[in-house]
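Each chain, written out:
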Amino acid sequence: MESCNNVEKEIEKVLTKFGAFNEHVRRTLDELIEYVQNLQQEYIESASVMETITPAQSSILSRCSTRVKDVVTSLATEHRDLHGTVSKVGKAIDKNFIADFATTSNEDVFQGSENAKLLNQVISEHFLRQGMLEIAEELIKETGLQMEQNKREPFSELNRILDALKRKDLKPALTWAQSNREKLLEQSSSLEFRLHRLHFIDLLQQGVFKQEEAISYARKNFQHLAVQHEKEIQILMGSLLYLKQGIQNSPYSYLLDPIHWVEICDIFTRDACALLGLSVESPLAVCTNAGCIALPALLNIKQVMQQRLVTGVWNTRDELPIEIDLGRKCHFHSIFACPILRQQSSENNPPMRLVCGHVISRDALHKLANGNKLKCPYCPVEQNPSEAKLIHF
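The rules we used
Residues numbered from 1 in each chain as written. Predicted model: local features only at pLDDT ≥ 70, side-chain atom pairs only at ≥ 80, totals over all residues. Heavy atoms only, no water. Helix = DSSP H or I, 4+ residues; strand = E, 2+ residues; numbered from the N terminus. Buried < 20%, exposed > 50% of the residue type's maximum accessible area, 1.4 Å probe, protein only. Contact = heavy atoms within 4.5 Å. Areas by Shrake-Rupley, 256 points an atom, 1.4 Å probe, with all protein chains shown as cover. Expected span 1.5 Å × (residues − 1). Patch = residues over 30% accessible without salt bridge, like charges linked within 9 Å, V, L, I, M, F, W, Y side chains within 5 Å. Salt bridge = Lys/Arg side-chain N within 4 Å of Asp/Glu carboxyl O. Core = buried A, V, L, I, M, F, W, Y, C linked by side-chain atoms within 4.5 Å. Pairing = 2+ DSSP bridges. pLDDT = per-residue confidence, 0-100. Lys, Arg positive; Asp, Glu negative; His and termini not counted.

Q: Which residues make up the overall build of the protein, and what values do they have?
A: Counting its secondary structure elements, the protein contains 13 helices and 5 strands. Here the protein holds 393 residues, and 30% of them are scored as buried. In the protein, once contacts between residues fewer than 6 apart in sequence are set aside, the share between residues at least 24 apart is 55%. Per element, the accessible surface of the protein, about 26800 Å² overall, is 53% carbon and sulfur.

Laid out in structure tokens, this is it:
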């Protein structure tokens, strides 16, 4: 982030100078044009065609020509000076961003036909998720992937319904929600109610002319949802009292907030993915974002290792030499790092809970144990190493 801020500062300097130069050029040229036009009106247009130019007029024209040349030369010089400011942006990018990322990657990860197949499959699924069906189909064809049609259809249907929701067309989503009603209820989904509520609100916006239709729609579609959404339905019914003056002029104006259409897209995506056994976000996008967050820290630690001649410390690239916080969005499973050995726990080196309640890794437990005695490194409690229990976060 600091690198981005440094480059952004240089870009802001360029934009500021370009803005100032543009204003200066406009003002200077306007003054020059006005000066030439005044000379034209005062000395040239008033003179006869056959009249000989007097020495005074010749001097005035000479001064005008000189002034025009000086202004053009001055503006050209100032314009050339801008190139120096622009070049600083490139230097700032080179200084703050390292183009060689090979030191933090493992080139062998995608070697082999099986790994390449898995990578192509992940990329294909990403394109399918994004609605880029033609690109996905072409990639599947060129790479020879065997992806069954029943695996592609859910993505196509999901994107079709999302496109309709973005156009404020609720019909495809309602049809899908009603056909999957039992499964949605099993996961306590409010999708169907929210879709019906949006349609009901759309009727409210059309005023008293749609009052009977709105009431009829509510009776037909809210009855089976009343148990789970009683309070929300009561609010919708209360809004009917303000149809004459307009919902937008009533205490229920918040029902018209466009944010509800954004939320319904998110809710549909979440519930549909849960129903299909898919993650809400594309795995490829998650990995790419996580890599972008972690990359600056990895480059910094690699540079420090090279400067201190301790590159052998990071001898295996499938284990990070430092802890990197990727934020809450990237917290998918529990991770425990031993506070003693500074190592991430694994199946062969799981976290162990001591009698006193402190947790260390199994390797640390074995190193600290002295026969049948173990003193907790964080408190004075002595215990038997065999009393430590394997725990799962």
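Q: Can you lay out helix α2 (residues 55-96) for me, pointing to particular residues and giving the numbers?
A: One turn of an α-helix holds 3.6 residues; hence residues three or four places apart share an orientation. An ideal rise of 1.5 Å per residue puts 62 Å on 42 residues; α2 measures up with 63 Å between its terminal C-alpha atoms. Restricting attention to buried positions, one finds in α2 the residues Gln57, Ile60, Cys64, Val71, Leu75, Leu82, Thr85, Val89, Ala92 and Asn96.

Q: An account of a nonpolar patch on the surface is requested, with residue identities and associated values reported.
A: On the surface, Ile340, Leu368 and Tyr378 cluster together into a nonpolar patch covering about 250 Å² of accessible area. Summarising the element assignment, Ile340 is placed in the loop between α12 (283-307) and β1 (351-353).

Q: Tell me about the pattern of salt bridges, and name the residues and values.
A: Counting across every chain of the model gives 7 salt bridges. With its nearest N and O atoms 3.1 Å apart, the salt bridge here joins Glu213 to Lys210. Taking relative accessible area as the criterion, Lys210 reaches 25% and is therefore assigned partly exposed. In this structure, Arg270 and Asp271 form a salt bridge, with 3.2 Å as the shortest nitrogen-oxygen distance. Overall, the relative accessible area of 42% leaves Arg270 in the partly exposed class. On the basis of relative accessibility, which here comes to 6%, the residue Asp271 falls in the buried class. One salt-bridge network, held together by shared partners, links Glu23, Arg26 and Asp30.

Q: How would you sum up the nonpolar core? Please name residues and give values.
A: Proteins that are soluble and globular tend to have nonpolar side chains buried together. Counting residues in hydrophobic clusters, the biggest one holds 37 residues, and the most contacted among them are Leu165, Trp176, Leu191, Leu195, Phe200, Ile264 and Phe268. At the level of secondary structure, the elements contributing two or more residues to this core comprise α5 (149-166), α6 (171-179), α8 (191-205), α9 (211-221), α10 (230-238) and α11 (259-276). Sort the elements by how many residues they give to this core and α8 lands first, with 8 residues. Among residues more than four places away in sequence, those in contact with Leu195 are Leu165, Leu170, Ala173, Leu174, Ala177 and Ile264. One finds Val359, Leu365, Cys379 and Ile391 within the second-largest nonpolar core, a separate group that totals 13 residues.

Q: Go over the sheet that holds β1 with me, naming the residues and quoting the values.
A: Read across the open sheet, the 3 strands follow the order β2-β1-β5; overall the sheet is antiparallel. Two strands close off the open sheet at either side, each with one partner strand: β2 (359-361) and β5 (389-390). The pairing of β1 with β2 spans 3 bridges and is antiparallel. Counterpart to Arg353 in the pairing with β2 is Val359.

Q: How would you summarise the confidence of the model for the protein if you had to cite specific residues and measurements?
A: Low pLDDT means the predicted coordinates in that region are not meant to be read closely. Considering every residue of the protein, the mean pLDDT works out to 81; 90% of them sit at 70 or more. Taken element by element, the protein is modelled with least confidence in α12, mean pLDDT 79, and with most confidence in α6, mean pLDDT 90.

Q: Before we move on, can you summarise the side chain of Arg129 with the specific residues and values?
A: As for its position among the elements, Arg129 is in helix α3 (residues 113-129). As a buried residue without a salt bridge, Arg129 has its nearest oppositely charged side chain in Glu125, at a separation of 5.6 Å. Ignoring anything within four residues of it in the chain, the contact list for Arg129 reads Phe155, Asn159, Cys273, Leu278, Ser279, Val280, Glu281, Ser282 and Pro283.

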